[in-house]
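Each chain is listed here by its residues.
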Amino acid sequence: MKGYEYRHIVTIEDTDLLGNVNYVNYISWQGRARELCLREFTPDVVAGFGDGVRLLTVSCQCDYLRELTIFDEVSVRMTLGEVGQTQLTMKFEYWRQVSSGEELVATGEQRVACVRADADGNMAPARIPESMRRLMDAVSAGR
């Protein structure tokens, strides 16, 4: 599967009183995968784009298929979805490592927009910068 992969081992911190991974952690792992991918392929994002463009999360969601528990090993795989002039969508799959291979436990999606402050300080849509194009190429190529 092409895309970016973030690997995580579930700890007590990730679980609720029943011992299952709390639902909010799946969204957190989406963000972690996205940010680590940005760090690797577009380091200028960390300091802010040179031309004042910022990333704004417009929406995110997750569909839970199976429960995860402590010490489960999870691969969160991010792939590129739709790409527009100012927005792009990332798709996520969460795979639990099991003795027979892998098991899909959740899927998700995030939509982000590129924005820039106008003269009054209000955020306005901005075209996806070239540095983000590098990110999209890298994710599409599965690096």
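See the structure shown above.
Since the model is a prediction, treat every value here as computed from it, not as a measurement.

Here we look at the overall build of the chain
Reasoning step 1: The secondary structure content of the chain amounts to 3 helices and 6 strands.
Reasoning step 2: The linear arrangement of helices and strands in the chain, starting from the amino end, is β-α-α-β-β-β-β-β-α.
Reasoning step 3: Principal axes of the C-alpha set define a box for the chain whose edges measure 55 × 35 × 25 Å.
Reasoning step 4: In the chain, buried positions account for 39% of the 143 residues.
Reasoning step 5: A separation threshold of at least 6 residues defines the contact pool for the chain, and within that pool the share at least 24 residues apart is 67%.
Reasoning step 6: Here the chain displays about 8,100 Å² of accessible surface, and carbon together with sulfur accounts for 50% of that area.
Reasoning step 7: The positive charge centre, built from 16 side chains, and the negative charge centre, built from 21, are 6 Å apart in the chain.

Examining the pairing of strand β3 (residues 73-83)
Residues in a regular strand point their side chains to alternate faces of the sheet.
Reasoning step 1: Of the strand pairs in this sheet, strand β1 (residues 4-9) and β3 are connected by 6 bridges, and their pairing is antiparallel. Note on β3: the bridge partner recorded for R7 is S75.
Reasoning step 2: For β3 and strand β4 (residues 87-98), the ladder comprises 8 bridges, and the chain directions are antiparallel. Along β4, the bridge assignment pairs L80 with M90.
Reasoning step 3: Hairpin connection of β3 to β4: 3 residues between the antiparallel strands.

Some details on a nonpolar patch on the surface
Reasoning step 1: On the surface, a cluster of nonpolar side chains totalling about 430 Å² of accessible area is made up of I9, I12, I70 and F71.
Reasoning step 2: Following the sequence through the fold, F71 ends up in the loop between β2 (54-64) and β3.

Some thoughts on the packing of aromatic side chains
Reasoning step 1: A complete count under the given rule lists 3 aromatic pairs for this structure.
Reasoning step 2: Both rings, one in Y26 and one in W29, keep their centres 5.5 Å apart while their planes meet at 50 degrees; by these two values the pair is tilted. In this pair, Y26 and W29 both sit in helix α1 (residues 23-41), 3 residues apart, roughly one turn of the helix.
Reasoning step 3: What makes Y26 buried here is its relative accessible area of 3%.
Reasoning step 4: When its relative accessible area of 1% is taken as the criterion, W29 is described as buried.
Reasoning step 5: Ring geometry for Y26 versus Y64: centroids 4.9 Å apart, planes at 75 degrees, classification edge-to-face. Separated by 38 residues along the polypeptide, Y26 in helix α1 and Y64 in strand β2 bring together distant segments of the chain.

Quick notes on the packing of α1 against helix α3 (residues 130-141)
Any two packed helices are characterised by how steeply their axes cross, that is the angle between the axes, and by the distance between the axes.
Reasoning step 1: Packing of α1 against α3 brings their axes to within 9 Å, and their N-to-C directions diverge by 110 degrees. Comparing their axes, α3 and α1 come out roughly perpendicular. In this structure, α1 meets α3 at a crossing whose hand is right-handed. The residues of α3 that touch α1, namely those facing C37, L38 and F41, are M132, R134, L135, A138 and V139.
Reasoning step 2: Looking at side-chain class alone, the contact of α1 with α3 contains 7 nonpolar, no polar and 1 charged residues.

Conventions adopted
- Residues numbered from 1 in each chain as written.
- Predicted model: local features only at pLDDT ≥ 70, side-chain atom pairs only at ≥ 80, totals over all residues.
- Heavy atoms only, no water.
- Helix = DSSP H or I, 4+ residues; strand = E, 2+ residues; numbered from the N terminus.
- Buried < 20%, exposed > 50% of the residue type's maximum accessible area, 1.4 Å probe, protein only.
- Contact = heavy atoms within 4.5 Å.
- Areas by Shrake-Rupley, 256 points an atom, 1.4 Å probe, with all protein chains shown as cover.
- Lys, Arg positive; Asp, Glu negative; His and termini not counted.
- Charge placed at Lys NZ, Arg CZ, Asp CG, Glu CD.
- Pairing = 2+ DSSP bridges.
- Patch = residues over 30% accessible without salt bridge, like charges linked within 9 Å, V, L, I, M, F, W, Y side chains within 5 Å.
- Salt bridge = Lys/Arg side-chain N within 4 Å of Asp/Glu carboxyl O.
- Phe/Tyr/Trp six-rings, centres within 6.5 Å; stacked < 30°, edge-to-face > 60°.
- Axes fitted to C-alpha atoms, helices over the stretch in contact; angles between N-to-C directions.
- Parallel < 35°, antiparallel > 145°, perpendicular 65-115°, else oblique.
- Left-handed = near helix turned anticlockwise from the far one by under 90°.
- Nonpolar A, V, L, I, M, F, W, Y, C, P; charged D, E, K, R; others polar.

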